[in-house]
Amino acid sequence: MLNERPVIEVRHARKSYGAVEVLRDVSLKVRKGEIVAIIGPSGSGKSTLLRAINNLDPLTGGEVWLEDTQVNEALPPRRYEAHINRVRQDIGMVFQHFNLFPHLSVRGNITLAPMMLKGIGRKEADELAEQQLARVGLSDRVDFMPSQLSGGQKQRVAIARALAMKPKVMLFDEATSALDPELVEEVNLVMKQLAEEHMTMIIVTHEMGFAQDVCDRVLFMDRGLVVEQGPPDVVFRQPRHERTRAFLRKHL
Ligand code: ADP
Ligand code: MG
């Protein structure tokens, strides 16, 4: 559908910490099924932008939309809480450091939010956990504790946990950068599989090869600005801006 609203739209995002402007007029549209990579030097504002999308780190200016809901709408506190809980159910997020609950089993980690936030019963939540674990290739780990898993397995559980909420979009913030090199591929494979299933995704990554293979569009950020964006072949092979070229010389 041509006129379908983007799943995520960021309009003129600005963010300052004190006098420091971390995002300076960033706009972004992500359509259903689209996979967007965000690359750029450390400190360029990539994580700040992702965190602004579910209002974990509210913008100082601009708007964030999830379909036809303004995520960062100014609301009185009582209404805001219900609003943001609803929004966050639709936005799955996977961080660099697997934030699994250490005292809960894999099953407990995955079933908690669907049971608490969606009111799903234990049996249905268990089935959901099993389905999502199968998707990330960890069906045999359902009764393990996080401490019994490798880093790659933990990150795959974190992905399964996010998927269990049936989100409209998945945000990944350097999901593989804390992993030992031999564990990166298993997580990348899960993300590739989601891409093949046309999951809408925004992926902050320092792995240029992965971005090139998996993403429909690449955004290069530097110092709080989107310097350039386009299909991976264009951005990686014929970057138009000197800042993009300088970054790619170091990272390709
Ligand atoms: P990236 O993810 O691209 O490495 P970040 O979004 O984490 O960049 O950070 C962008 C800039 O914002 C950096 O200069 C960082 O130091 C600053 N920053 C991030 N979070 C905070 C914070 N909570 N307080 C002050 N400055 C911050
Ligand atoms: Mg970051």
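About the cut-offs
- Residues numbered from 1 in each chain as written.
- Chains lettered and ligands numbered in written order.
- Predicted model: local features only at pLDDT ≥ 70, side-chain atom pairs only at ≥ 80, totals over all residues.
- Heavy atoms only, no water.
- Axes fitted to C-alpha atoms, helices over the stretch in contact; angles between N-to-C directions.
- Helix = DSSP H or I, 4+ residues; strand = E, 2+ residues; numbered from the N terminus.
- Parallel < 35°, antiparallel > 145°, perpendicular 65-115°, else oblique.
- Left-handed = near helix turned anticlockwise from the far one by under 90°.
- Contact = heavy atoms within 4.5 Å.
- Phe/Tyr/Trp six-rings, centres within 6.5 Å; stacked < 30°, edge-to-face > 60°.
- Buried < 20%, exposed > 50% of the residue type's maximum accessible area, 1.4 Å probe, protein only.
- Lys NZ or Arg CZ within 6 Å of the ring centre and 35° of its normal.
- UniProt positions renumbered as here; feature names shortened; annotations may be inferred.
- Core = buried A, V, L, I, M, F, W, Y, C linked by side-chain atoms within 4.5 Å.

A. Fine view of the packing of helix α5 (residues 151-163) against helix α6 (residues 181-196). For the pair α5 and α6, interaxial distance at closest approach is 8 Å and the crossing angle is 20°. The orientation of α5 relative to α6 falls into the category roughly parallel. α5 and α6 meet at a crossing whose hand is right-handed. Within the contact between the two elements, α5 uses G151, G152, Q153, Q155, R156, I159 and L163 and α6 uses L183, E186, V187, V190, M191 and L194.

B. Local environment of the packing of aromatic side chains. One pass over the full model with this rule turns up 1 aromatic pair. Ring geometry for F220 and F247: centres 5.2 Å apart, planes at 40°, overall tilted. Of this pair, F220 sits in strand β9 (residues 217-222) while F247 is found in helix α9 (residues 242-251), placing the two residues 27 residues apart along the sequence. Here the two residues F220 and F247 agree in accessibility, since each one is buried. Taking NZ or CZ as reference, R5 lies 5.3 Å from the ring centre of W65, over its face. When the ring centre of F144 is taken as origin, the NZ or CZ atom of R141, which lies over that ring, is 4.7 Å away.

C. How the structure looks around the UniProt feature "domain: ABC transporter" (unreviewed entry) in the chain. The feature "domain: ABC transporter" (unreviewed entry), as given by UniProt, occupies residues 8-248 in the numbering adopted here. Secondary structure over residues 8-248 splits into 40% helix and 24% strand, and the C-alpha atoms at its two ends are 27 Å apart.

D. Structural detail: the nonpolar core. The biggest cluster of nonpolar side chains holds 49 residues, and the ones touching the most others in it are L133, I159, M170, F172 and M201. Excluding anything up to four places from it in sequence, M201 contacts E34, I35, V36, M170, F172, M191, L194 and A195. In terms of nonpolar packing, the next biggest core, distinct from the first, is built from 28 residues, V10, V36, L50 and L171 among them.

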